[in-house]
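Spelled out, the chains give:
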Amino acid sequence: MTHAIQTRDLTYRASKTFEIRDLALNVPHGSLYGFLGPNGSGKTTTIRLILGLLRPVAGSISVLSHSIPRESPRMLGRTGYVPERPHLYPMLTVEEAMRYHAAFYPSWDWKWADELAATFLLPRQNKIGGLSKGETGKLMMLLALAQRPELLVLDEPTDGLDPVVRRDVLMALLDYVSQTSATVFISSHLVHELERICDWVGVMDRGWLIAELPMQSFKNGIKRLRVSNAPAMLGDAPFVVLSREPGEGAHELWLVRGWQPPMTQFFDGIGANLREVVDLDLEEGFVELLRTFRQPQS
Amino acid sequence: MFKAILFTQWRWGRVLVATCVVAGFAIPVFSVRNAGGGSWNGPMWNALDLLASMQSYGPIYVLLAGFAGIALSTSAWAPDHAGRHVYALSLPLARWHYVLLRYGSGVVLLVPVSLALWIGALVASVSTPLPTGLHAYPGALALRFALASVLSFSVIFAVASGTKRSAGYALAVLLGLVLADLLISLFGGTPVVIESTLGWLFSSSGVFGIFTGRWMLIDV
């Protein structure tokens, strides 16, 4: 499998109290990669490192086969970026912002830009400083898409947008991805949003990448098990036990990763009884994953 | 790309440019119209009175050149500073290339100001019969103005393009000079550090030497 984005041992010190440590990110070509994490987990810093906006202390970054930050201008010519906060010049009109942006990208598609502007109902003669948050969000997405990028890096692109605008933005994104083989790297803390559109997921917390796997595995692989008569020592379990907590009566509640139905036989082998397997949705799985990462099992 | 960057810079600096263009044209015209107490009697002017009057306008040219350069260089970076340079850094060009484009755009916007001053100086000099022995130097004045405005633009552009840390270093140097003078005066000496530094910078061989000397539209 080839990767649109790959980092190895990436380290960056943002402050005395926060750093990105040994980050090994693998974003497959053509994937919709959801980059999850709570606020302050290092998502935006990681994105800025990937784009060459920040220089790492150690490690390597490869984006679209370009070494970053050395070759970031060439990579940026093939990448659409929507930052977390509006970054456009407020005194330009929408039309002027489009012309300005187009000047830097030979692949800019005016026909599609015009279509998107009409779809998004953007007032082309209005100044950016006077646009609503939703309109600004749509304009940033328009600029990123109309340059016809091979890679889209979106940093919380729908954060703070109302549901209608959010749907418009995501529809435009999915429409583009369906037409091309573009890779999308989208960060968010809106778990349900990513659950619907992404096929890969990476989870950041406190500067660490704590999980990276296909969305399907993430959704199906994290389960809550109700177990009774379990011994203290488990030996070689075929799944990862993230946490064990006392439940009602003699039962224990286990949070496990990498679960598959045939693994029920494991409990017979250790003399325990598996009473129930509970599916967790992505949000529950995400919350449990963070919880177990922050409070390692005793 | 250059056209796009020039356009943005024009968009947020056009009021400044227009103001400087008007001032650049008006100052030489007014300097001649008001010479000799505004009596406007051409050849009958006393040459020394005329020279004194021209000389009094010298600092105004200097101030305009400094203002044009400083104001345009500050406005060149202001929107990028406000956006924490995210947009500029995410564009597909090397940092030095972007800085060069912004710098070039600023210099281009200074051209109409110098041009307006040259035209104003030409209009003023051709419409004025001069006393014998005096000559008008519209080209030299405009060239000097252009160089001075580009110099002030370049210095402030360089400081403004740096990080907060580099701006802090510049400030620290200034504070160091003030502190040195303060210490000298505390020990009963004559504070000369700032004076001699400024003297060196603005001497005829100093970096800012162009701002000093004779800024005369009409001279011997």
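Residues numbered from 1 in each chain as written. Chains lettered and ligands numbered in written order. Predicted model: local features only at pLDDT ≥ 70, side-chain atom pairs only at ≥ 80, totals over all residues.

Caption draft 1: Representation of the overall build of chain A within the structure. Scanning chain A from terminus to terminus reveals 10 helices and 15 strands. Over its C-alpha atoms, taken along the principal directions, chain A stretches across nearly 70 × 40 × 35 Å. Counting over 298 residues, chain A shows a buried share of 40%. Looking at chain A alone, contacts between residues at least 24 apart form 72% of all its contacts between residues at least 6 apart. (Helix = DSSP H or I, 4+ residues; strand = E, 2+ residues; numbered from the N terminus. Buried ≥ 20, exposed ≤ 12 C-beta atoms within 10 Å, placed from the backbone. Contact = placed C-beta atoms within 7 Å.)

Caption draft 2: View of the overall build of chain B. Scanning chain B for helices and strands turns up seven helices and two strands. When the helices and strands of chain B are placed in sequence order, the string is α-α-α-α-β-α-α-α-β. If you line up chain B on its principal axes, its C-alpha atoms span 65 × 55 × 25 Å. Per-residue burial over chain B gives 33% buried out of 220 residues. Nonlocal contacts in chain B, meaning residues at least 24 apart in sequence, comprise 78% of its contacts between residues at least 6 apart.

Caption draft 3: Highlighting the packing of helix H1 (residues 2–33) of chain B against helix H2 (residues 47–82) of chain B. Residues and elements named next belong to chain B. One way to put it is that H1 packs onto H2 with a least axis distance of 10 Å and a crossing angle of 175°. Considered as vectors, H1 and H2 are oriented roughly antiparallel to each other. Of the residues in H2, those touching H1 at Gln9, Trp12, Gly13, Leu16, Cys20, Ala23, Gly24, Ile27 and Ser31 are Met54, Tyr57, Ile60, Tyr61, Leu64, Ala68, Ala71, Leu72, Ser75, Ala76 and Pro79. Class assignment for the residues of the contact of H1 with H2 results in 15 nonpolar, five polar and no charged. (Axes fitted to C-alpha atoms, helices over the stretch in contact; angles between N-to-C directions. Parallel < 35°, antiparallel > 145°, perpendicular 65-115°, else oblique. Nonpolar A, V, L, I, M, F, W, Y, C, P; charged D, E, K, R; others polar.)

Caption draft 4: Summary view of the confidence of the model for chain A. Residues at a pLDDT of 70 or more form 98% of chain A, whose mean pLDDT is 87. Helix H3 (residues 94–102) of chain A holds the highest mean pLDDT among the elements of chain A, 94, whereas helix H10 (residues 282–294) of chain A holds the lowest, 76. (pLDDT = per-residue confidence, 0-100.)

Caption draft 5: Summary view of the interface of chain A and chain B. The partner chain B presents 16 residues to the 16 residues of chain A that form the contact. If you list the elements that add at least two residues to the side of chain A that touches chain B, you get helix H2 (72–76) and H3 of chain A. Class assignment of the residues belonging to the side of chain A that touches chain B gives a composition of 13 nonpolar, two polar and one charged.

Caption draft 6: Structural view of the packing of helix H4 (residues 110–119) of chain A against helix H5 (residues 133–146) of chain A. Residues and elements named next belong to chain A. For the pair H4 and H5, the least separation of the axes is 9 Å and the interaxial angle reads 160°. By the criterion of interaxial angle, the relationship of H4 to H5 is roughly antiparallel. Once H4 is placed against H5, the crossing between them reads as right-handed. Mapping the contact onto sequence places Trp112, Ala113, Leu116 and Ala117 in H4 and Leu142, Leu145 and Ala146 in H5. Its residues assigned to classes, the contact of H4 with H5 comprises seven nonpolar, no polar and no charged. (Left-handed = near helix turned anticlockwise from the far one by under 90°.)

Caption draft 7: Region of the structure containing the pairing of strand S14 (residues 251–257) of chain A. All names here are of chain A. Note that strand S12 (residues 223–228) and S14 share six bridges and pair antiparallel. Paired with Arg226 across the strands is Leu253, a residue of S14. In this sheet, S14 lies alongside strand S13 (residues 240–246) in antiparallel orientation, the contact comprising six bridges. Considered in S14, the bridge of Glu245 is made with Leu253. In this antiparallel pair of consecutive strands, S13 and S14, the connection spans four residues, and Gly249 shows a positive phi of 60°. (Pairing = 2+ DSSP bridges.)

Caption draft 8: Structural context of the pairing of strand S4 (residues 32–36) of chain A. Residue and element names in this part refer to chain A. Of all five residues that make up S4, five are buried, and the element is covered over most of its length. As paired elements, S4 and strand S9 (residues 183–188) share five bridges and run parallel to each other. Bridge pairing in S9 places Tyr33 opposite Phe185.

Caption draft 9: The sheet that holds S13 of chain A, seen in detail. All names here are of chain A. Read across the sheet, four strands follow the order S13-S14-S12-S15 without closing on themselves; strand pairing throughout is antiparallel. Every other strand in the sheet has two partners, leaving S13 and strand S15 (273–279) as the edge strands with one partner each. For this sheet, the mean angle separating the axes of adjacent strands, direction not counted, is 25°.

Caption draft 10: Quick look at the sheet that holds S9 of chain A. Residue and element names in this part refer to chain A. With mixed pairing, six strands are arranged side by side in an open sheet as S7-S8-S9-S4-S10-S11. If you trace the sheet from one side to the other, it starts and ends with strand S7 (79–82) and strand S11 (208–214), each paired once. When the angles between neighbouring strand axes are averaged without regard to direction, this sheet yields 15°. Sheet topology places strand S10 (residues 200–205) next to S11; six bridges connect them, and they run antiparallel. The partner of Met204 across the bridge, within S11, is Leu209.

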